[in-house]
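Given next are the chains, with one letter for each unit.
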Amino acid sequence: MNQSDVLVVGAGPAGCMVAGELARAGRSVTVLEKHAAPSPLSRAFGVHARTLEILDSRGMADALLANGTRARGLKLWNGLELDLGVLPSSFPFLLVTPQSNVDRVLESNAREHGARILRGVTVRGLVQRGDGVTVHGRDAEGREQQWTARYVVGADGVHSTVRTAIGLDFPGKELLRSIMLADVRLTDPPNGLINVDAGTDCFAFVAPFGDGWFRVIAWDRTDGAAESEPVDESRLRAVLRRAVGTDYGWSEVRWSSRFACDERQVSRYREGRVFLVGDAAHVHSPAGGQGMNTGIQDAMNLGWKLAAVLGGADQKILDTYHDERHPVGKLVLRSSGATIRMLLLRSVVARTLRNIVSARVLRRQRAVGRIAGMFSGVSISYARRRGEHPLVGRRAVQIPLIDGTVTTALRDTAFLMIGENDCSRTDIPRRADHGPAVLVRPDGYIAWAGRSDSNRWQAVRDRWTAECSASISPAAT
Ligand SMILES: Cc1cc2nc3c(=O)[nH]c(=O)nc-3n(C[C@H](O)[C@H](O)[C@H](O)COP(=O)(O)OP(=O)(O)OC[C@H]3O[C@@H](n4cnc5c(N)ncnc54)[C@H](O)[C@@H]3O)c2cc1C
């Protein structure tokens with residue numbers, strides 16, 4: 001019972017996502033989680049377009065869409081707006097929904113596919129051997145226990161025990177202390193956008209949950225309170241007024257808390273048989289709402305690779321997890337950090353310059369597309385090898401098919417082959433446009449592109465079958 005293919009430490013969004021992917025591919029996976037029950041706290045409130053595409057490719061987006069509200073853009077400083085409607089995605093918005101909803105959907109999905117989630121288990125350390133890893137900790141009854149697996153995924157958040165156990169530092173710096181957040185009922189609410197603005201010594205975000213309740217996040221440079229101190233409602237309300245000029249008819253608070261944020265990233269996402277995903281690997285400013293989203297996307301990237309290697313694929317695929325996801329984490333640190341620094345500019349000259357430059361940038365359609373693409377994750381792509389088709393590493397969901405969509409096709413398969421419009425094969429989906437045939441990875445990125453009538457098609461199929469034998473679906477063979 002204490003032996004699995006993969007042990008995942010932590011049942012947050014990143015842990016449940018990777019467990020779901022492994023279980024879906026038929027691997028035995030056990031999740032060890034120290035909390036006896038799922039967290040009711042709604043830390044993250046936004047699910048971005050790329051995360052929705054990923055969840056949709058596993059049939060999980062509808063449950064979230066039914067319980068969330070769609071923010072079609074962001075209202076920034078000086079009345080500027082970032083329109084998400086320009087996104088080349090079926091989800092051209094930010095879905096505002098409490099993190100507890102996302103956690104619930106991901107945990108149910110993992111359990112439905114057969115992942116074991118053991119709650120009340122606190123992991124205290126691990127030892128790597130040549131052919132596996134032994135994890136030790138305390139179970140729900142307080143007994144010392146050991147669990148073994150071929151691989152371990154540390155999805156245990158910012159204070160990761162797994163990261164410490166494999167000897168990795170978490171370099172970076174403290175960013176902001178004592179940020180206040182609250183769920184507030186507003187009687188004179190803002191438009192359907194995420195509203196972000198700042199005074200010279202404070203900032204605030206306001207996001208609609210769609211049911212009259214709003215998430216308010218605010219920070220005040222003069223507030224020296226410890227994170228453990230309760231939020232003073234009148235102070236939070238005053239900070240909101242200073243930052244955005246109104247309290248939007250503040251009427252009632254149902255929950256409030258404080259948090260601190262750092263900017264940190266591990267230098268390696270893999271150490272032998274142990275991998276880090278989500279907050280265990282990177283943390284950053286809450287600007288842009290990227291943490292949960294990036295963690296889910298890390299998990300999606302790692303899940304199919306581990307499943308493939310457990311099915312006999314070459315282990316070198318596992319190195320591509322760090323190669324692909326570390327740069328994405330680094331970019332998120334940079335962009336969310338830059339946003340918060342731009343918000344908090346103090347000198348009048350710097351703020352005026354920011355307002356002029358950002359107004360100019362946001363008047364250009366291409367720049368809006370680029371910023372919205374980065375913010376939503378849809379512009380993430382992975383490096384390709386020399387000589388590979390320029391489409392390799394790009395996301396595939398935007399490819400139009402004659403029947404159905406790439407996203408729905410990915411629900412029933414691992415790798416997906418798509419023929420050109422005039423492809424003679426009848427057993428695979430065909431493109432509705434004039435692009436090349438492609439092989440799509442389980443996480444929705446293009447692994448190969450070319451002509452389906454060439455010998456290359458066969459060679460590609462053979463290569464991927466050899467590398468990822470267990471993950472090649474019947475549709476791709
Ligand atoms: C106020 C706030 C607002 C945010 N807003 C957004 C947003 O809008 N969008 C967004 O994308 N992100 C947002 N985030 C960030 C987001 O909440 C995190 O990035 C996300 O929860 C990270 O997911 P994770 O699975 O990596 O880690 P976590 O959610 O932290 O999960 C880690 C799990 O590991 C368990 N664990 C820890 N140690 C052990 C151990 N030793 N043994 C067993 N189990 C262990 C924990 O109990 C926990 O369940 C926000 C964060 C905060 C604080």
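These numbers come from a predicted model, not from an experiment. (Residues numbered from 1 in each chain as written. Predicted model: local features only at pLDDT ≥ 70, side-chain atom pairs only at ≥ 80, totals over all residues. Heavy atoms only, no water.)

Peer 1: Where do I start with the sheet that holds strand E3 (residues 46–47) in this structure?
Peer 2: Backbone hydrogen bonds hold the strands of a sheet together, and the pairing may be parallel or antiparallel. As summarised here, the arrangement of the three strands in space is E3-E7-E4, forming an open sheet in which the pairing is antiparallel. Only two strands of the sheet have a single neighbouring strand rather than two, namely E3 and strand E4 (69–71). (Pairing = 2+ DSSP bridges. Helix = DSSP H or I, 4+ residues; strand = E, 2+ residues; numbered from the N terminus.)

Peer 1: Would you explain the pattern of salt bridges in this entry?
Peer 2: Opposite charge on two side chains permits them to pair, given that their charged atoms come into close proximity. Evaluation of the coordinates by the stated rule reveals 38 salt bridges. The shortest N-O distance in the salt bridge between Asp131 and Arg129 comes to 2.8 Å. Across the pair Asp183 and Arg215 runs a salt bridge, and its minimum N-O distance is 2.7 Å. With Asp183 in strand E12 (residues 172–186) and Arg215 in strand E15 (residues 213–220), this residue pair connects regions lying 32 residues apart in the sequence. Sharing partners across several salt bridges, the network here consists of Asp201, Asp220, Asp223, Arg235, Arg242 and Arg258. (Salt bridge = Lys/Arg side-chain N within 4 Å of Asp/Glu carboxyl O.)

Peer 1: Teacher, can you tell me more about empty space enclosed by the protein here?
Peer 2: Any space left empty among the atoms is revealed by the rolling of a water-sized probe across them. Taken as a whole, this structure holds one cavity of 30 Å³ or more when the rule is applied. Roughly 30 Å³ of volume is contained in the largest cavity. Together, Ile54, Gln297, Met300, Asn301, Arg325, Tyr382, Asp443 and Tyr445 line the largest cavity. At three residues, helix H7 (residues 291–310) tops the list of elements feeding residues into the lining of the largest cavity. Of the residues in the lining of the largest cavity, the class split is four nonpolar, two polar and two charged. (1 Å grid on protein atoms, 1.4 Å probe; cavity = no way out; pocket = protein on both sides within 12 Å on 5 of 7 lines; lining within 4 Å. Points joined across faces, edges and corners; volume = space filled by probe spheres on them. Nonpolar A, V, L, I, M, F, W, Y, C, P; charged D, E, K, R; others polar.)

Peer 1: Would you mind showing me how to read the site of the ligand here?
Peer 2: The immediate surroundings of the ligand are formed by 30 residues, with Glu33, Arg43, Gln99, Asp279 and Met292 found nearest. At 2.6 Å, a side-chain N or O of Glu33 approaches an oxygen atom of the ligand. Note that a nitrogen atom of the ligand is positioned 3.2 Å from one of the side-chain N or O atoms of Thr161. Within the complex, 89% of the 1000 Å² of free accessible area of the ligand lies under protein. Elements supplying a minimum of two residues to the shell around the ligand: helix H1 (13–24), strand E2 (29–33), strand E9 (122–128) and H7. Of the residues that constitute the shell around the ligand, the class distribution is twelve nonpolar, 13 polar and five charged. (Near = heavy atom within 4 Å. Polar contact = N/O pair within 3.5 Å; in protein donor to acceptor, adjacent residues only side chain to side chain. Areas by Shrake-Rupley, 256 points an atom, 1.4 Å probe, with all protein chains shown as cover.)

Peer 1: Please explain the pairing of E12 as it appears in this structure.
Peer 2: Regular strands show a simple pattern: their side chains alternate between the two faces of the sheet. Here E12 runs beside strand E16 (residues 250–265); their pairing, made up of twelve bridges, is antiparallel. Bridged to Ala182 within E16 is Ser256.

Peer 1: Explanation requested: the sheet that holds strand E20 (residues 416–418) in the structure shown.
Peer 2: The sheet built from three strands is open, its strands ordered E20-E21-E22 with antiparallel pairing. One side of each edge strand has no neighbouring strand; the edge strands of this open sheet are E20 and strand E22 (446–450). Neighbour-to-neighbour, the strand axes of the sheet open up by a mean angle of 10°, direction not taken into account. Direction of pairing for strand E21 (residues 437–440) relative to E22: antiparallel, over a ladder of four bridges. Across the sheet, the residue bridging to Leu439 is Trp448, located in E22. (Axes fitted to C-alpha atoms, helices over the stretch in contact; angles between N-to-C directions.)

Peer 1: Mind showing me how you'd approach helix H2 (residues 49–56) here?
Peer 2: Three or four residues apart is the spacing at which side chains of an α-helix point the same way, because the helix has 3.6 residues per turn. When you tally the buried positions in H2, you get eight out of eight residues, the bulk of the element. Inspection of H2 places Ala49, Arg50, Thr51, Leu52, Glu53, Ile54, Leu55 and Asp56 among the buried residues, and these make up the whole buried set. (Buried < 20%, exposed > 50% of the residue type's maximum accessible area, 1.4 Å probe, protein only.)

Peer 1: Please explain the environment of Arg50 as it appears in this structure.
Peer 2: Within the secondary structure layout, Arg50 lies in helix H2. For the pair Arg50 and Ala313, spaced 263 residues apart in the sequence, the C-alpha separation amounts to 27 Å. The residues touching Arg50, leaving out its near neighbours within four places in the chain, are Gln297, Ser376, Gly377, Val378, Arg395, Val397, Asp443, Gly444 and Tyr445. A polar contact of 3.0 Å, which involves the side chain of Arg50, links it to the backbone oxygen of Asp443. (Contact = heavy atoms within 4.5 Å.)

Peer 1: Would you mind going over the packing of aromatic side chains with me for this structure?
Peer 2: Two measures describe an aromatic ring pair: the distance that separates the ring centres and the angle between the ring planes. Using the criterion set out here, one finds eight aromatic pairs in the structure. Each ring, one from Phe91 and one from Phe93, has its centre 6.2 Å from the other, and the planes form 90°; the classification is edge-to-face. Here the two residues Phe91 and Phe93 agree in accessibility, since each one is buried. Aromatic pair Phe203 and Phe205: ring centres 5.7 Å apart, planes at 75°, arrangement edge-to-face. Like Phe203, the residue Phe205 is buried in the burial classification. Each residue in the set Tyr151, Tyr269, Phe275 and Tyr321 is aromatic and connected to the rest through ring pairs, giving one cluster. The ring of Phe170 is capped by Arg163, whose NZ or CZ atom sits 3.7 Å from the centre of that ring. (Phe/Tyr/Trp six-rings, centres within 6.5 Å; stacked < 30°, edge-to-face > 60°. Lys NZ or Arg CZ within 6 Å of the ring centre and 35° of its normal.)

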